[in-house]
Each structure stands twice: as C-alpha cells, then as structure tokens.
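# Geometric and topological summary
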Amino acid sequence: MLPVLQIALDLMHLKRSVEIARESVAGGVDWIEIGTPLLKSEGAEAIRTMRREFPDVKIVADTKTMDTGSFEAEIAAKAGADIITVMGLADDSTISEAVSAAGKYGAAIMVDMLNVRDVEERSKTVERLGASYICLHMGIDQQMRGDAAPVDVLRNVVSSVSIPVAVAGGITSETVGEYVKAGASVIIAGGGITKAENITDATKKMKKAMAGSKVSAGISKRYGVTEIYEAFSRVSTPNISDAYHKRGVIRGLTPHLAPGQRMIGKTFTVQTADGDWAKPVEAIDRANEGDIIVISAGGGPTAVWGGLATLSAKVMGLGGVVIDGAVRDIDEIAELKFPVFAKHVTPDAGEPKGYGGIGIDVTICNQTVRTGDWIIGDANGLIVVRGENAVEVANRSLSVAENENRMREEIGRGSTLSKVAELEKWESEKK
C-alpha cells in the first residue's frame, strides 16, 4: 500500500493556496496541509476555508505548537483540522494536553521532530504521550544549506515506534522513492508540487515516483557544494539579489557580453594601480580554469586590460574579467565573446609597473571581494556571493526563480501581478 501524499501549502495567500490545493487534489493528493506561513498569514480562517472547499480530504494544520497545547489544538480542531502539529521540542505536558484537547473533537496530533537531537528516543516518548503521528522534518533553512536527507534516521524511527511516521523537507519526485523504501507512511511534499507550473501533472508524477517509477520533475532540487556552478547557471542576478537580500550587488560597471551571455565563476582577485597592467596579466597564469579575474584599479580611466590579455585568459579557460577601472580593445574582446564588466572603455593603456598584489581582498565599487567568492554577471548587472554562503544562496535563488515561474503561470491564465499578490489587501492591512 502506497504512503499518503500530503501537500504542504507554505504560501502567504489563501486564494492562491486554494487553487493550488484544488489542482493537487485533481492529481491525487490525499491530505492538504495548511502550512505554518499560511496559518500565520491568514489565521484559522485558512483551516475553515480548506474544510469547506475539501470536505472529504483530510486537513492538516501545521501549527507547530510549542506551548498552550490544549488551547491551540482546540482552536485548530474547531476550525476543521483533522491533524494538528506540535513540536517535539515542546514540553511533555504540552504534547499530552494537545492530544487530549484534539481528541475531544475527533482530531489527532502529529509531532514534528524539527531540530530534535535524539529523534529515536523522543519518538518513543511522544508515542507514549498519545501522539498519532511522528514527522521527521528537515526545515527549509536546513535544505538551503544542502544538508543530507535523514533517510537513515527515518529507518530507525520506523522500526522503533508503532505509529505512522511522516517525512518532510525538500522531497521531489526524484528523491521520494528513498523515503518510501525507508518506511514512511506519509510523504509531505511542498515546493516539489507547489512551484510547478502544472500542479496536477506534478502531483501525478510524485504519485508515480512513490509507486516506484523513475520520474524527473526538474523543480525543487537542492544543490550541494560541488553543484554550485550548475545552480547559479539556472538563475538570474535579480533572483540572486532577492535571495541574498540585496547584498553583494556591484554597481557602476558596464557589462560587455554577447547576446544571452552570462558570467559565473569563482573570483581570483587583483589589486593594481590605474594603468598598471602587470598584476592583472600575471594573474592569468595563476588563476584556475573557470575563475573570474576581479581587478581593483581604483576606478581609474587608463586601461589595465585589453585584447591580448583577453586572448590569454580565454586560452587558459578563464570565465571572465571584472574591472573597477578601464578596459580597451573592446571590439576584439567582443569577437572573442569573453565576458567583461568594466567602469571605463578607453584606447590608452598604462605601463606594467607591478604595483599591487594577487589573491588579496579587494574593494570593487564599495563591495569587498575575496579570492574564492562566487561572482555572477548577466545583462542585469553583477553580484558577488561570499564563498561560505554560496550553497545556501544558490538554493534560495532557485526557490525564488521557481516561485516566479509559478506566478507567471497564474498570470498567464488571465490574472495580473497585483491580483496574484493581492497587493490591495495587504496594503490596506498595513495601513
């Protein structure tokens, strides 16, 4: 028997959530979860609305209760929830009180093990406290860091308790089979369905994958440290800016790119003086394949880079050059289709005096850049991401892009951005 498929509606807007739920039910979703963001945004009315819209579907209220277990369980159960979540980190009395209160209204308690250290032991305890379900949950913020899926933990918990075990966190049609084999009774899918342009089709693919078929949906994949280039290749600098909270944007440099060309790579930094092209050229021999040479020349008007340097960099397999200063031979560089961002274009170059340094921290248009950071450039502009943040920012950028793709689909059906985002409603509430 296949596990239950539960869709997690971790959205802000109830209207959008209802439509996504409707399409997912058409594809075979068994349970509908009113996610914590939706509950915080729309309140218990979200539960009532889903109950009215889907009278025959089990409704899960992801309240993530940490205290006042009895009161919060009562609120959710009276609103129409069949299952209510309480955190495994909550006090034992909170869980037992929630169980008692939910039971009065025919509801059940699912205990969420997010950030619980000894999941196996805690699972045994909450079963004794009367919980009906356990949820092994890898949070969204954990997923963005590229943390490994808890499949081994799932196996151990399933063998340690007699109540059903749910699993949540970054599950896609490509990975769901692992959780089914490990014994999950409930599969909780969020972005793997809700970000799809065709929700019904994505749901059907998930169900097929749960049944053992090899299915690729191409959304909500989480990338690791060896896949950063691939992840950044799938997003734009606006996506990255949104995900990185507008940090890292380099302003004031002009892109010189072939149509549709993008620049992605690790940084290799150079500090030099205006017109001194010695260190920039020397850096070509020391950089690794795919690196982007980032040159701080104080924004000076005399070229520190030109056609011969570009040819050398291309021969060495470098990915581009960023210059807080001047470049020349721009027509030759255009023929080579080598990505360049520069403050000035000029015909004159200086002399190779050798001032400055290579591989040191530099300042580019008021942004600090270190060797080993990631830098991404396209027709929209340029952004640098700290090396230690790259996995998380890349995954969050993909999430931004996928959410926008879903909104494009909704707009394409005859809506508008204002209507999809319900701007008037939220503006009035802010006032």
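This one's a predicted model, so the numbers in the text were calculated from it and none came from an experiment. (Residues numbered from 1 in each chain as written. Predicted model: local features only at pLDDT ≥ 70, side-chain atom pairs only at ≥ 80, totals over all residues. Heavy atoms only, no water.)

What helix α6 (residues 119–128) keeps buried is the set Val119, Arg122, Ser123, Thr125 and Val126. Looking straight down α6, one finds its buried side chains confined to an arc of 165°; they lie on one side. In this structure, the buried residues of α6 make contact with α5 (92–104), β5 (108–112), β6 (133–137) and α8 (151–160). Glycine 130 occupies a position one or two residues after α6 and carries a positive phi of about 105°. (Buried < 20%, exposed > 50% of the residue type's maximum accessible area, 1.4 Å probe, protein only. Helix = DSSP H or I, 4+ residues; strand = E, 2+ residues; numbered from the N terminus. Arc of directions from axis to C-beta. Contact = heavy atoms within 4.5 Å.)

Between helix α1 (residues 14–27) and helix α3 (residues 45–53), the least distance of the axes is 11 Å, while the angle of their chain directions is 35°. Judged by the twist between their axes, the crossing of α1 over α3 is right-handed. Residue-level contacts link Leu14, Ser17, Val18, Ala21 and Arg22 of α1 to Glu45, Ala46, Thr49, Met50 and Glu53 of α3. Looking at side-chain class alone, the contact of α1 with α3 contains five nonpolar, two polar and three charged residues. (Axes fitted to C-alpha atoms, helices over the stretch in contact; angles between N-to-C directions. Left-handed = near helix turned anticlockwise from the far one by under 90°. Nonpolar A, V, L, I, M, F, W, Y, C, P; charged D, E, K, R; others polar.)

Trans is the prevailing form of peptide bonds, just as negative phi is the prevailing case for residues other than glycine. Its identity as a non-glycine residue notwithstanding, threonine 68 has a phi of 45°, on the positive side. In this structure, threonine 68 sits in the loop between β3 (58–65) and α4 (69–79). Accessibility expressed as a relative area gives 40% for threonine 68, which makes it partly exposed.

The eight strands lie next to each other as β1-β2-β3-β4-β5-β6-β7-β8, forming a closed barrel whose pairing is parallel. Each strand axis lies, on average, 25° off the axis of its neighbour in the sheet, ignoring direction. Here β5 runs beside β6; their pairing, made up of three bridges, is parallel. Note on β6: the bridge partner recorded for valine 111 is isoleucine 134. Packing of α1 onto the sheet brings it into contact with β1 (4–9) and β2 (31–34), and relative to β1 it is tilted by some 165°. (Pairing = 2+ DSSP bridges.)

Quick look at the packing of aromatic side chains now. For any pair of aromatic rings, the description consists of the separation of the ring centres together with the inter-plane angle of the planes. Here the structure, examined in full by the defined rule, presents two aromatic pairs. Both rings, one in tryptophan 31 and one in tyrosine 133, keep their centres 5.6 Å apart while their planes meet at 85°; by these two values the pair is edge-to-face. One end of the pair, tryptophan 31, is in strand β2; the other, tyrosine 133, is in strand β6, and 102 residues separate them in sequence. Each member of the pair tryptophan 31 and tyrosine 133 is classed as buried. Considering the side-chain rings of phenylalanine 232 and tryptophan 374, the 6.0 Å spacing of their centres and the 45° angle between planes classify their relative orientation as tilted. Of the two residues, phenylalanine 232 sits in helix α12 (residues 228–233) while tryptophan 374 sits in strand β19 (residues 374–378), which places them 142 residues apart along the sequence. Residue tryptophan 374 is classed as buried on the basis of its relative accessible area, which comes to 9%. (Phe/Tyr/Trp six-rings, centres within 6.5 Å; stacked < 30°, edge-to-face > 60°.)

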